[in-house]
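Spelled out from the first residue to the last, the chains are:
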Amino acid sequence: KYMVQNTVGRIYLDNNPYSEIKDDMKYLVEPTEPTPADTIYQFEDIHDLSCADLGCGSGHILNECFDLLYKIYIEEGYNRKKAVEDIFHYNLTGVDIDTRAKQLATFALLMKACQKDKSFADAHCMPRVLDMPVPYAEAMDKSFEDEKEERAYVKSMFRHFLLGTNDEILDEIADAILLMNNAQTLGCIMKFKISERTRNVIIVRTTEYEKDDHLPENIQTMLPYMRVILALTQNYSALVMNPPYMGGGNMNEILSKYVKDNYEDSKADLFSVFMDVAIDRLNKKGKYGMINMQSWMFLSSFEKLRKKVLDNYQIDSMLHLGPRTFDELSGEVVQNTVFVIA
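Residues numbered from 1 in each chain as written. Predicted model: local features only at pLDDT ≥ 70, side-chain atom pairs only at ≥ 80, totals over all residues. Heavy atoms only, no water.

Trainee: Now, about the nonpolar core: what can you tell me, with residues and values included?
Mentor: Tyr136, Phe158, Ile177, Ile189, Met190 and Tyr288 are the most contacted members of the largest nonpolar core, which has 69 residues in total. By residue number, the principal contributor to this core is helix 10 (residues 217–233), which donates ten residues. Excluding anything up to four places from it in sequence, Tyr136 contacts Tyr153, Val154, Met157, Phe158, Ile177, Asn181, Met222 and Tyr225. Within the second largest apolar cluster, 42 residues are counted, among which are Ile46, Leu49, Cys114 and Val338. (Core = buried A, V, L, I, M, F, W, Y, C linked by side-chain atoms within 4.5 Å. Buried < 20%, exposed > 50% of the residue type's maximum accessible area, 1.4 Å probe, protein only. Helix = DSSP H or I, 4+ residues; strand = E, 2+ residues; numbered from the N terminus. Contact = heavy atoms within 4.5 Å.)

Trainee: Got a sec to walk through unusual backbone geometry? Specific residues and values, please.
Mentor: Of note, Ala123 is a non-glycine position whose phi angle comes to about 55°, a positive value. If you trace the backbone, Ala123 turns up in the loop between helix 4 (99–116) and strand 3 (128–131). Unusually for a residue other than glycine, Lys285 sits at a positive phi of about 75°. Within the fold, Lys285 resides in strand 5 (residues 282–293). Assessed through its relative accessible area of 38%, Lys285 is described here as partly exposed.

Trainee: Describe the packing of aromatic side chains, naming the residues involved and giving the relevant values.
Mentor: Per the stated rule, a full pass over the model turns up 14 aromatic pairs. Ring geometry for Tyr136 versus Tyr153: centroids 6.3 Å apart, planes at 35°, classification tilted. Placement of Tyr136 in helix 5 (residues 136–139) and of Tyr153 in helix 6 (residues 147–161) is noted, with a sequence separation of 17 residues between them. By the burial criterion, Tyr136 is buried, and Tyr153 matches it. (Phe/Tyr/Trp six-rings, centres within 6.5 Å; stacked < 30°, edge-to-face > 60°.)

Trainee: Before we move on, can you summarise the packing of helix 3 (residues 80–91) against helix 4 with the specific residues and values?
Mentor: Remark: helix 3 packs on helix 4, axes separated minimally by 9 Å, with the N-to-C direction vectors making an angle of 160°. Between helix 3 and helix 4, the angle falls in the class roughly antiparallel. Relative to helix 4, the crossing made by helix 3 is right-handed. Contact residues: Arg80, Val84 and Phe88 in helix 3; Leu109, Ala113 and Lys116 in helix 4. (Axes fitted to C-alpha atoms, helices over the stretch in contact; angles between N-to-C directions. Parallel < 35°, antiparallel > 145°, perpendicular 65-115°, else oblique. Left-handed = near helix turned anticlockwise from the far one by under 90°.)

Trainee: How would you sum up the environment of Glu44? Please name residues and give values.
Mentor: Note on placement: Glu44 falls in the loop between helix 1 (2–15) and strand 1 (51–53). Overall, the relative accessible area of 86% leaves Glu44 in the exposed class. Note: C-alpha distance between Glu44 and Ile194 (150 residues apart in sequence) is 27 Å.

Trainee: I'd like a rundown of the pattern of salt bridges, residues and numbers included.
Mentor: Within the structure shown, the criterion is met by 23 salt bridges. The closest approach of N and O atoms between Arg10 and Asp14, which form a salt bridge, is 3.7 Å. Of the two residues, Arg10 and Asp14 are both situated in helix 1; the distance of four residues between them amounts to about one turn of the helix. On the basis of relative accessible area, Asp14 is assigned to the buried category, the value being 19%. Where Glu208 meets Arg205, a salt bridge forms, and the shortest distance between an N and an O atom there is 2.9 Å. (Salt bridge = Lys/Arg side-chain N within 4 Å of Asp/Glu carboxyl O.)

Trainee: Requested: an account of the pairing of strand 4 (residues 236–241), with residues and values cited.
Mentor: Counted residue by residue, strand 4 has six buried out of six residues, so it is predominantly covered. Of the pairings in the sheet, the one linking strand 1 to strand 4 comprises two bridges and is parallel in character. Among the inter-strand pairings, Cys51 is bridged to a residue of strand 4, identified as Ala238. (Pairing = 2+ DSSP bridges.)

Trainee: Run through the pairing of strand 2 (residues 92–96), naming residues and quoting values.
Mentor: Summarising burial for strand 2: five of the five residues are buried, a large majority. Burial of strand 2 is two-sided: the residues Leu92, Gly94 and Asp96 facing one way and the residues Thr93 and Val95 facing the other way are all buried. Sheet topology places strand 1 next to strand 2; three bridges connect them, and they run parallel. Along strand 2, the bridge assignment pairs Asp53 with Gly94. Sheet analysis places strand 2 next to strand 3, joined by four bridges and oriented parallel. Within strand 3, the position partnered with Asp96 by the bridge is Asp131. Each parallel crossover has a hand, and for strand 2 linked through helix 4 to strand 3 it is right-handed. (Right-handed = clockwise from strand over helix to strand, strands pointing away.)

None of the figures reported here should be taken as evidence of function without further support.
What follows is the structure, encoded as structure tokens:
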């Protein structure tokens, strides 16, 4: 509640200072001074208040986001059914590496929707919760002698998906699809080098296909890859996360190399990598809330990360919780801090 109210909630209140939903936000931290106008993330349409959890697990944080967004929509004058549909369509995204977790999060959000309006029991409108697909060659039941042959196959298939396009766009997509051969190891820390033009082409085609109930099987197979690429190249108003914790010494070879090559300042632990991921995925003036290990505040291995945070961003508030944050974890091993960064 603290993380959601001080990211999604704070952004909404900065744009609607007289909102009555503030009365329900018991964990909202009030700034000691008025927020300067030029630091406020401003939006014109409630659809633009997008938030995501890129390590959503079974959906606890997504459910808190849903509850707050629903109150916002009702205050904005939407009816219950339209509020839920628009939250699922425009505002809320969850991604996890684990298919079972994704299923649980999806089910939990559908139950939330049914609490508001029983018509959602038929699942006619699904929340956007994604998991990581298997390597594309495996999904298509293909094997290749080398990466060059696999790249050529991917380009030929996605030329069909995009209804023909130039090689530059296909090369960017092929790079992304080949990177996703390790998606079930790397998850949401993958960096896709996708231009705005390529992303727009993917959006147009994916949107068209999702409206078609009679798609060829090969197109249906391609859609999960496109959805993940879009989710991990989108910029959000707010991110709220309890990221995975894993020290560099416990990472396998693929994960360790990718982290060292792409996240130099935060490579010491996976939770700190996600601090960099969050900043990369935010809109300018956006906010992220995160609970992670307190070690990044003190240890020398996180010095570069601390300097980056202090020099470039703003810590809105922080709760230094220390040990016994979680009832299930006894002792001093897991010591936590929860914070909001703008």
